[in-house]
Amino acid sequence: MYSFSNITTLHADLKAGKVTCATLVEQAIAAIAEKKHLNAFLEVFEASAKESAKRTDEKIKYGTAGKLAGVIIGLKDNICYKGHKVSASSKILEGFESLYSATVVERLLAEDAIIIGRTNCDEFAMGSSNENSAFGNVLNPINEKCVPGGSSGGAAVAVAAGICHVSLGSDTGGSIRQPASFTGTVGFKPTYGRVSRYGLIAYASSFDQIGPITKTVDDAAIILEVIGGLDKNDNTSSSQKVEEYSKTLLQDKKYKIAYLKECVEAEGLDPEVKVAVLKQMEWLKGQGHSVEAVSFPYLEYLVPTYYVLTTAEASSNLSRFDGIHYGYRSKNATDLESTYKKSRSEGFGKEVKRRIMLGTFVLSAGYYDAYYSKGQKVRRIIHEKTNAILKDFDFILTPSTPGTAFEFGKNSADPIKMYLEDIFTVQANIAGIPAISVPCGNHSNGLPIGLQLMAGYFEESKLLNLASKIAK
Ligand code: GLN
């Protein structure tokens, strides 16, 4: 079995003939079968992966292979790949096949990456534990009694369990960073607009962003170089130059880091997570960086603002799943109205229905001003305060999550408790800034702890630079 450590080493090994793409694909397929009980993959794209491997092995021979040659990648099941099924882990998309590829997929394939399959996730990316998938729970390989986090749970497990080299996930409020933190991997959400969302099944369009889950920060940097950049199919994608992120990782700069007092003092914060984060701050100071406390008085407004606005956007985005255009149609429908009603009632899971109803409510005529419009105003305030901090500091540091991975069922009965899992991660999506979760030691329960760094708009170079130092 080839033991993957990072993309650069893999490339040296491919070049030296120590391994071939064909072997890597065989091994990934075997690993998926062997670790089937983890339920990380919903489908293996065996034929197309083998085909890519064959083509890339030829290119390697002739020295024409791309930047991601032989990198085995898992796609979260909400990213479209032409001619392949995609379901957002929902029954409502049963049997649906993508008619086109997401821009990120086109870009990965253009650099000879090998897409091995689609990974399980919370239905329509709504959740923090992967318990909302229509296709069953994903187990955390570090402790199988625990959740892997969500919504990109399968994506994180695929990397943590050594099944694939890299995964792509999507992050609306923490769905890349929280599962990365729960599985000891690196989870990176770029600036809103850095990566095209074309071909990503939308949850909340003004928050969603695609990003990588990797073993190392260096790999995250290489992936961003490939998937980032302007796309004429996504008007919210930015024309800001895509830098050579992987080259800037070696720079040795001293930074000004702010940590949010309210986060470190938060009531629900696990004491061992707190100690791990404080220790990391001491280490950073020892390295010559300055670390200072700042106050962020809006911590308690983050989660409510996120849930008012994202459910509003979701209720609109998910209206297209009507039993006619895509996937599932109820067999019990008798007319147009009952086709809509029954297909949606039977096709969507409980959490998705809860959010569609909540979102429809906050947008409804009598409540729009009290909820949606107010939510937008609070978003602006959070955004301004966050940017004000980032004017004075290079980074904002927080724990990635209040605790480590929890046991199945622990938060299921209480949605508010589950929503509070996102308290530290949603700020970056509300403000649109880049953020990364990197491993930062282990808890005495044996599970990994994650540290989060946030930076200003399009400062992914700086962010990856410091993150790579921490994740060593
Ligand atoms: N856990 C958050 C939620 O349930 C975040 C989801 C995400 O980022 N897609 O909405």
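Refer to the structure printed above.
Rules used throughout
- Residues numbered from 1 in each chain as written.
- Predicted model: local features only at pLDDT ≥ 70, side-chain atom pairs only at ≥ 80, totals over all residues.
- Heavy atoms only, no water.
- Near = heavy atom within 4 Å.
- Polar contact = N/O pair within 3.5 Å; in protein donor to acceptor, adjacent residues only side chain to side chain.
- Areas by Shrake-Rupley, 256 points an atom, 1.4 Å probe, with all protein chains shown as cover.
- Nonpolar A, V, L, I, M, F, W, Y, C, P; charged D, E, K, R; others polar.
- Axes fitted to C-alpha atoms, helices over the stretch in contact; angles between N-to-C directions.
- Helix = DSSP H or I, 4+ residues; strand = E, 2+ residues; numbered from the N terminus.
- Parallel < 35°, antiparallel > 145°, perpendicular 65-115°, else oblique.
- Contact = heavy atoms within 4.5 Å.
- Patch = residues over 30% accessible without salt bridge, like charges linked within 9 Å, V, L, I, M, F, W, Y side chains within 5 Å.
- Salt bridge = Lys/Arg side-chain N within 4 Å of Asp/Glu carboxyl O.
- Expected span 1.5 Å × (residues − 1).
- Buried < 20%, exposed > 50% of the residue type's maximum accessible area, 1.4 Å probe, protein only.
- Core = buried A, V, L, I, M, F, W, Y, C linked by side-chain atoms within 4.5 Å.
- Pairing = 2+ DSSP bridges.
- Disulfide = S-S within 2.5 Å.

## Describing the site of the ligand
Surrounding the ligand, one finds 15 residues, the nearest of these being Thr-172, Gly-173, Ser-175, Tyr-306 and Arg-355. A distance of 3.1 Å separates a nitrogen atom of the ligand from a polar atom in the side chain of Asp-422. Protein contacts shield 100% of the accessible area of the ligand, which totals 290 Å² for the unbound molecule. Taken together, the residues that form the shell around the ligand break down as five nonpolar, seven polar and three charged.

## Structural notes on the packing of helix α2 (residues 21-34) against helix α3 (residues 46-62)
Two elements in contact, α2 and α3, have axes whose closest approach is 7 Å; the angle formed by their N-to-C orientations is 155°. With respect to their mutual orientation, α2 and α3 come out roughly antiparallel. In this structure, α2 contributes Cys-21, Ala-22, Val-25, Glu-26 and Ile-29 to the contact, and α3 contributes Glu-46, Ala-49, Lys-50, Ala-53, Thr-56, Asp-57 and Ile-60. The residue makeup of the contact of α2 with α3, split by class, is seven nonpolar, one polar and four charged.

## Examining a nonpolar patch on the surface
A surface patch of nonpolar side chains, amounting to about 270 Å² of accessible area, comprises Ile-324, Leu-336 and Tyr-340. Mapped onto the secondary structure, Tyr-340 falls in helix α12 (residues 336-347).

## Things to note about α12
Between the first and last C-alpha of α12 there are 16 Å, a value that for 12 residues agrees with the 16 Å anticipated at 1.5 Å per step. Inspection of α12 places Ser-338, Thr-339, Ser-343, Arg-344 and Gly-347 among the buried residues, and these make up the whole buried set. In the core, the buried residues of α12 are packed alongside α13 (350-363).

## Considering the nonpolar core
Core analysis: the biggest nonpolar cluster contains 138 residues, and Ile-116 and Phe-124 have the highest contact counts within it. Counting residues per element, this core draws most heavily on helix α11 (residues 299-317), which supplies nine residues. Apart from the residues lying within four places of it in its own chain, the contact partners of Phe-124 are Ala-88, Ser-90, Ile-92, Leu-93, Ile-201, Tyr-203, Leu-318, Phe-321, Phe-348 and Val-352. Counting seven residues, the second largest nonpolar core, distinct from the first, contains Val-147, Phe-182, Met-418 and Leu-447.

## A look at the sheet that holds strand β1 (residues 41-44)
As summarised here, the arrangement of the 11 strands in space is β1-β3-β2-β4-β6-β5-β10-β11-β9-β7-β8, forming an open sheet in which the pairing is mixed. Looking at the sheet topology across the chains shown, the edges are occupied by β1 and β8 (290-294). Going across the sheet, the axis of each strand differs from the next one's by a mean of 30°, ignoring polarity. Bridge analysis of strand β2 (residues 72-76) against strand β3 (residues 114-119) gives five bridges, and the strand direction is parallel. Among the inter-strand pairings, Ile-73 is bridged to a residue of β3, identified as Ile-115. This element, α2, spans β1, β2 and β3 of the sheet and lies at about 15° to β3.

## Looking at the environment of Ile-60
Tracing the backbone through its elements, the reader meets Ile-60 in helix α3. Distance from Ile-60 to Leu-14, taken between C-alpha atoms, is 7.7 Å for residues 46 residues apart in sequence. Once you skip the residues sitting within four places of it in the chain, Ile-60 turns out to touch Leu-14, Cys-21, Ala-65 and Ala-69.

## Some thoughts on the state of the cysteines
Disulfides are covalent bonds that connect the sulfur atoms of two cysteines. Tallied over the full model, the rule gives zero disulfides. Left unpaired, Cys-21 is separated from the closest cysteine sulfur, that of Cys-164, by 15 Å. The thiol of Cys-263 is unpaired, and the distance to the nearest cysteine sulfur, on Cys-440, comes to 14 Å.

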